[in-house]
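# Reading the structure
Spelled out, the chains give:
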Amino acid sequence: MKKMRVLACIVVIIVCMFAYSLSLAGSPPAVGGVLPDIKLSMPKDLADKNYLGLGIFGFGSFTIPEIKANVVIIEIFSMYCPYCQREAPNVNQLYEKIEQNAALRGKIKIIGIGVGNTSYEVGTFKKKYTVPFPLFADADYVIHKMVGEVRTPYFIGVKLNPDGSHQVIYSKLGEMEGVDQFLATMMRLSGLP
Amino acid sequence: MKRYAKYMLMVLLMGTLFLTNLFASTAYALSDAYKNNIYNTGILRPTDSVLKVKVGKPAPDFTLKSVSGEAVSLKQFRGKKNVVISFVPAAWTPVCSDQWPGYNIVKDMFDQYDAVLLGITVDNIPTLFSWTKQMGDLWFPVLSDFWPHGGVAKKYGVLRSDGTSERALFVIDKKGIIRYIDVHDINKRPQLEDLIKELEKLK
């Protein structure tokens, strides 16, 4: 009887731990769904804080829906990924196009998450390609697991609603299909004029 | 009750180990550059060889053929350049495929410390040719230690029992003396800052 009880405990513990691990390992964000609970460290750089509208006194961590914007474009990248390196000037161009357009500036914001990259490695990538938007490190692959361990680069578009809710409007592996086309797709999917 | 607690503890440890292994196998981010052509090796024994060289001792010389055709010897850099040797276990495997492309964008850092990089694997030239082509144009030579199989890896003591090499970094100064050795956990990529810190020390 005692043995049976021990056995039952073993099974329950293993099942619980397995379920917990599975809950950490997500699948790629689905269009129409919501983002996993991604927590990013508050940027130290004041310009990054301002860009994201997080307030200069913010500290600790923040979630993507807290960013002050109508649409957030997230690039999952790695400093070690050849396609991300090749795509870097194009993503910079996308940023410039948004910032130079008075109707889009402040409404569409871009962030990059360097999966498996330390802060130093993300900083190296930022410096190498003069990336003007905020980049975040995910050295221990925590976020990478949450987004289904996608290959890189991977782009996610998120629409932030005035009521605080959000929706994934774009979720795709690979390079952008051209900067103008990508921007037009984001505007169309988010309903921005 | 005591016995019961012992069982519980054992199960907890076993369960943790099992799950750590299960999910650690996916602790890498792969570039889309390789599409679906990367073979998943699963989780491997972190290291599987015995070093034959030491920090502070001369680095054994070698001559290997590079993917671009020329032969490269370690001694050709003596008195001229510091040398970083990066052994990676095998072409077309997950972590290896996302290591050298990172070094490829930091040539300026190597230049700053008057260092060259030599990439070595035990694969043959045609395999290395196809694989490194996916990485873009590499600024450093990629050398094949295929025949006699893993000869240089063996000389340095980084040849694993399955014929692949360790994921290892060696920093050799201009006098040909080994200044740093990192036989890394094969399942993980060494962090760039650790290597750069060692190069800084050469100044």
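Rules used throughout
Residues numbered from 1 in each chain as written. Chains lettered and ligands numbered in written order. Predicted model: local features only at pLDDT ≥ 70, side-chain atom pairs only at ≥ 80, totals over all residues. Helix = DSSP H or I, 4+ residues; strand = E, 2+ residues; numbered from the N terminus. Buried ≥ 20, exposed ≤ 12 C-beta atoms within 10 Å, placed from the backbone. Contact = placed C-beta atoms within 7 Å. Pairing = 2+ DSSP bridges. Axes fitted to C-alpha atoms, helices over the stretch in contact; angles between N-to-C directions. Core = buried A, V, L, I, M, F, W, Y, C linked by C-beta atoms within 7 Å. pLDDT = per-residue confidence, 0-100. Arc of directions from axis to C-beta. Parallel < 35°, antiparallel > 145°, perpendicular 65-115°, else oblique. Left-handed = near helix turned anticlockwise from the far one by under 90°. Nonpolar A, V, L, I, M, F, W, Y, C, P; charged D, E, K, R; others polar.

Below, the discussion takes up the overall build of chain B. For chain B, the helix and strand inventory stands at seven helices and seven strands. Listed by position from the N terminus, the elements making up chain B come as α-β-β-β-α-α-α-β-α-β-α-β-β-α. With 203 residues in all, chain B has 35% of them scored as buried. Considering only intrachain contacts with a sequence separation of at least 6, the fraction spanning at least 24 residues in chain B is 69%.

Moving on to the sheet that holds strand E7 (residues 178-184) of chain B. All names here are of chain B. In space, the seven strands of this open sheet follow the order E2-E1-E5-E4-E3-E6-E7, with mixed pairing throughout. Across the chains shown, the open sheet's two edge strands, defined by having one partner strand only, are strand E2 (71-73) and E7. Sheet twist, expressed as the average angle between the axes of neighbouring strands with direction ignored, equals 30°. In this sheet, E7 lies alongside strand E6 (residues 167-172) in antiparallel orientation, the contact comprising six bridges. Considered in E7, the bridge of Arg167 is made with His184.

What follows deals with the nonpolar core. Ranked by internal contacts, the top residues of the largest apolar core, which has 53 residues, are Ile64, Val71, Val72, Ile73, Ile74, Ile76 and Val158 of chain A. Discounting chain neighbours no more than four positions away, the residues touching Ile74 of chain A are Ile64, Ile111, Ile113, Ile156 and Val158 of chain A. Counting residues in each nonpolar core, the second largest holds 40 residues, with Val83, Leu128, Ala153 and Ile172 of chain B among its members.

Residues and elements named next belong to chain B. Assignment of secondary structure puts Tyr156 in helix H6 (residues 151-156). Exposure remark for Tyr156: the 27 C-beta atoms within 10 Å place this residue in the buried category. When neighbours within four sequence positions are excluded, Tyr156 is seen to be in contact with Lys52, Val53 and Pro60.

Residue and element names in this part refer to chain A. The buried fraction of strand E6 (residues 154-160) is high, at six of seven residues. One ladder, built from six bridges, connects strand E3 (residues 71-77) with E6; its direction is antiparallel. Along E6, the bridge assignment pairs Ile73 with Gly157. Inspection of the sheet shows E6 paired to strand E7 (residues 166-173) by seven bridges, in the antiparallel sense. If you follow Val158 over to E7, its bridge partner there is Val168.

On to the confidence of the model for chain B. When the pLDDT values of chain B are averaged, the result is 88; 86% of them are 70 or greater. Overall fold confidence for the complex sits at a pTM of 0.86, while the interface term, ipTM, reaches 0.83.

Another point: helix H4 (residues 119-129) of chain A. Listed in full, the buried residues belonging to H4 of chain A are Glu121, Val122, Thr124 and Phe125 of chain A. An end-on view of H4 of chain A places all buried positions within 155° of arc, on one side of the element. Contacts made by the buried residues of H4 of chain A are with strand E4 (108-115) and strand E5 (135-138) of chain A together with helix H7 (192-200) of chain B.

A few words on the sheet that holds E7 of chain A. Residues and elements named next belong to chain A. The five strands are arranged E5-E4-E3-E6-E7 in an open sheet whose pairing can be described as mixed. Edge positions in the sheet fall to E5 and E7, since each has one partner strand and no second. For this sheet the average axis-to-axis angle between neighbouring strands, irrespective of direction, equals 20°. Bridge analysis of E3 against E4 gives seven bridges, and the strand direction is parallel. Bridge assignment links Phe77 to a residue of E4, and that residue is Gly114.

Residue and element names in this part refer to chain A. It is at 10 Å that the axes of helix H3 (residues 82-100) and helix H6 (residues 179-190) come closest, and there the two elements cross at 55°. In terms of axis orientation, H3 runs oblique to H6. The interaxial crossing formed by H3 with H6 has right-handed handedness. Each of Asn90, Gln93, Leu94 and Lys97 in H3 lies in contact with H6, whose residues at this interface are Val179, Phe182 and Leu183. Considering only residue class, the contact of H3 with H6 consists of four nonpolar, two polar and one charged.

Along any regular strand the residues' side chains alternate between the sheet's two faces. All names here are of chain B. Most of strand E4 (residues 115-121) is tucked away, with seven of its seven residues classed as buried. Residues of E4 alternate between two faces, with Ala115, Leu117, Gly119 and Thr121 on one and Val116, Leu118 and Ile120 on the opposite face, all of them buried. Pairing geometry for strand E3 (residues 82-87) and E4, over six bridges, is parallel. Bridging across to E4, Asn82 finds its partner in Ala115. Both E4 and strand E5 (residues 142-144) contribute to a ladder of three bridges, which runs parallel. Paired with Thr121 across the bridge in E5 is Ser144.

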